Amino acid sequence: MNVYFDNAATTPIEKKVLDKMLPFMEDGFGNPSSIHKRGREIKSAIEKSRTMVAEILCCEPGEIFFTSGGTEADNMFLINTVLEKKIDTIITSKIEHHAVLHCCDFLNKSYNTNIKHVKIDEKGKVDLEDLNALLKKNKNSVVSLMHGNNEIGNINDLKSISKLCDQHNIVFHSDTVQTVGHYPINLNDINIHGIVGSAHKFHGPKGIGFLYLNNKHKISPFIHGGAQERNMRGGTENVYGIVGLSEALYLASENMKPHRDKILSLKKHMIDSLKNKIKGVEFNGLSESADQSLYTVLNVSIPDIQDQQMFLFNLDINNIAASAGSACTSGSDSGSHVLNEISIKKNNVNVRFSFSKYNTIEEADYVVDKILEIKNF
Ligand SMILES: Cc1ncc(COP(=O)(O)O)c(C=O)c1O
């Protein structure tokens, strides 16, 4: 068996998505900025994609800007908001993705922007009272708190956070890379200034994403060049990427409920099976919760195994792709910045399994059996 349980890192592209993209690599190669027919046809495909994305997220097409992915969209929002609105403080959490955290580091080092971290509890849950206190003290700030955590799966309640930000008249940005295409997002319902998406997290192509920028929140171009993306991002558009993103988001949204039900029952099955077979197994963050954690992510803490890298290597030998969710430098595991901030059993091995609609219960059983085998070896 060959099991891919690393879908929070990236998902396989869907065949129907690829089929939509291919004509734009073949005959539909025109430059969307050209005024002749070949160019105009391509431009109209881009605008059709923008409208599809906007309809799914319940916003205006003019509020969607295509980017090279989630990282660029986070950078575009945070850097240009802070610099242009002369914001002095970013309120965020220590368990955000590096796309946000390293952006904050850059702004702090280069522009002296203050970075304040909202308190989280031992499971990684954001303390809304502390957020409220930070908002009261820091009037000239922007809040950046992610929707779904890519390592432990914790879900933040965007509505509650947006209400608090609204009360204090503070700009709110959320890294929604792990939830776009997996959870319904209705931008009519939430007062938020920016969210981001990345196609390769919902069976679309890599290297394409978007920034939703609320019409009321104007910022300057992030990449200077031609007039593409209504002057906001110069450079010839990634046409097939854009077409692929909108098709992938459309397919994900059309079938969200059945896919969600399928993946959630797989996750529950894996939790039960791990609990039955592995004494002392635990789940990091809010991973075990059905409603406070992404149904696609399960972060498992396994006792009586010492070597994290060796464990992942053994999974790999058994054709199981999973992840530690941490970066490794020159042989020494620097550890996951997310797990370092929450309460975990330091002597356990911590592994993230992340699922997609293509995974099966048989695969989950195979993985649990292999974990037992590796553990008992
Ligand atoms: C929460 C989160 N934010 C941002 C990113 C970066 O997205 P991209 O790979 O499109 O730059 C990822 C992808 O790993 C992610 O999981």
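Residues numbered from 1 in each chain as written. Predicted model: local features only at pLDDT ≥ 70, side-chain atom pairs only at ≥ 80, totals over all residues. Heavy atoms only, no water.

Enquirer: Give me the site of the ligand: which residues, what numbers.
Expert: Taken together, G69, G70, T71, H97, M146, N150, D175, V177, Q178, S198, H200 and K201 are the residues near the ligand. Between the ligand and H97, the relevant distance is 3.3 Å, taken from an oxygen atom to a side-chain nitrogen or oxygen of the residue. One nitrogen or oxygen atom from the side chain of Q178 is found 2.8 Å from an oxygen atom belonging to the ligand. Look at the ligand: alone it shows 390 Å² of surface, and the protein chains cover 85% of it. The cavity that encloses the ligand is the second largest pocket. Each residue belonging to the shell around the ligand can be placed in one class, and the counts come to two nonpolar, eight polar and two charged. (Near = heavy atom within 4 Å. Polar contact = N/O pair within 3.5 Å; in protein donor to acceptor, adjacent residues only side chain to side chain. Areas by Shrake-Rupley, 256 points an atom, 1.4 Å probe, with all protein chains shown as cover. 1 Å grid on protein atoms, 1.4 Å probe; cavity = no way out; pocket = protein on both sides within 12 Å on 5 of 7 lines; lining within 4 Å. Sits in = over half its atoms within 2 Å of the grid points. Nonpolar A, V, L, I, M, F, W, Y, C, P; charged D, E, K, R; others polar.)

Enquirer: Describe the state of the cysteines, listing the residues and the values that go with them.
Expert: The final tally for this structure, using the stated rule, is zero disulfides. Free of any disulfide, C104 has its nearest neighbouring cysteine sulfur in C103, separated by 6.3 Å. Given the relative accessible area of 1%, C104 is considered buried. We note that C165 lacks a disulfide partner, and the nearest cysteine sulfur, in C104, lies 14 Å from it. (Disulfide = S-S within 2.5 Å. Buried < 20%, exposed > 50% of the residue type's maximum accessible area, 1.4 Å probe, protein only.)

Enquirer: Account for the sheet that holds strand β10 (residues 297–302), naming residues and giving values.
Expert: Paired through backbone hydrogen bonds, the strands of a sheet run either parallel or antiparallel to each other. Read across the open sheet, the three strands follow the order β9-β10-β14; overall the sheet is antiparallel. Single-partner strands in this sheet number two, and they are β9 (282–283) and β14 (349–354). Pairing of β10 with β14, which is carried by six bridges, proceeds in the antiparallel orientation. Counterpart to S301 in the pairing with β14 is N350. The strands touched by helix α9 (residues 308–317) within the sheet are β10 and β14, with β14 carrying the most contacts at an inclination of about 40 degrees. (Pairing = 2+ DSSP bridges. Helix = DSSP H or I, 4+ residues; strand = E, 2+ residues; numbered from the N terminus. Contact = heavy atoms within 4.5 Å. Axes fitted to C-alpha atoms, helices over the stretch in contact; angles between N-to-C directions.)

Enquirer: So, the pattern of salt bridges: which residues are in play, and what are the values?
Expert: Counting across every chain of the model gives 15 salt bridges. The residue K375 makes a salt bridge to D304 at a minimum N-O spacing of 3.5 Å. Placement of K375 in helix α10 (residues 361–376) and of D304 in the loop between β10 and α9 is noted, with a sequence separation of 71 residues between them. With a relative accessible area of 18%, K375 lands in the buried category. On the basis of relative accessibility, which here comes to 60%, the residue D304 falls in the exposed class. Sharing partners across several salt bridges, the network here consists of K43, E47, R50 and E229. (Salt bridge = Lys/Arg side-chain N within 4 Å of Asp/Glu carboxyl O.)

Enquirer: Can you break down the domain arrangement of the protein chain residue by residue, with the values?
Expert: Taken domain by domain, the protein chain consists of domain 1 (3–11 + 256–376) and domain 2 (15–254). Its C-alpha centre places domain 1 at a distance of 27 Å from the equivalent point of domain 2. At the interface, 31 residues of domain 1 touch 34 residues of domain 2. When the two sides are added together, the surface that domain 1 and domain 2 hide from each other amounts to roughly 2800 Å², 53% of it contributed by carbon and sulfur. One can count zero salt bridges joining domain 1 with domain 2. Linking domain 1 to domain 2 there are 22 residue pairs in polar contact (both at pLDDT 80 or more). Those elements that provide at least two residues to the side of domain 1 that touches domain 2 are α8 (256–277) and β10. Its residues assigned to classes, the side of domain 1 that touches domain 2 comprises twelve nonpolar, 14 polar and five charged. (Domains from an automatic or database assignment. Buried area = accessible area lost by both parts, 1.4 Å probe.)

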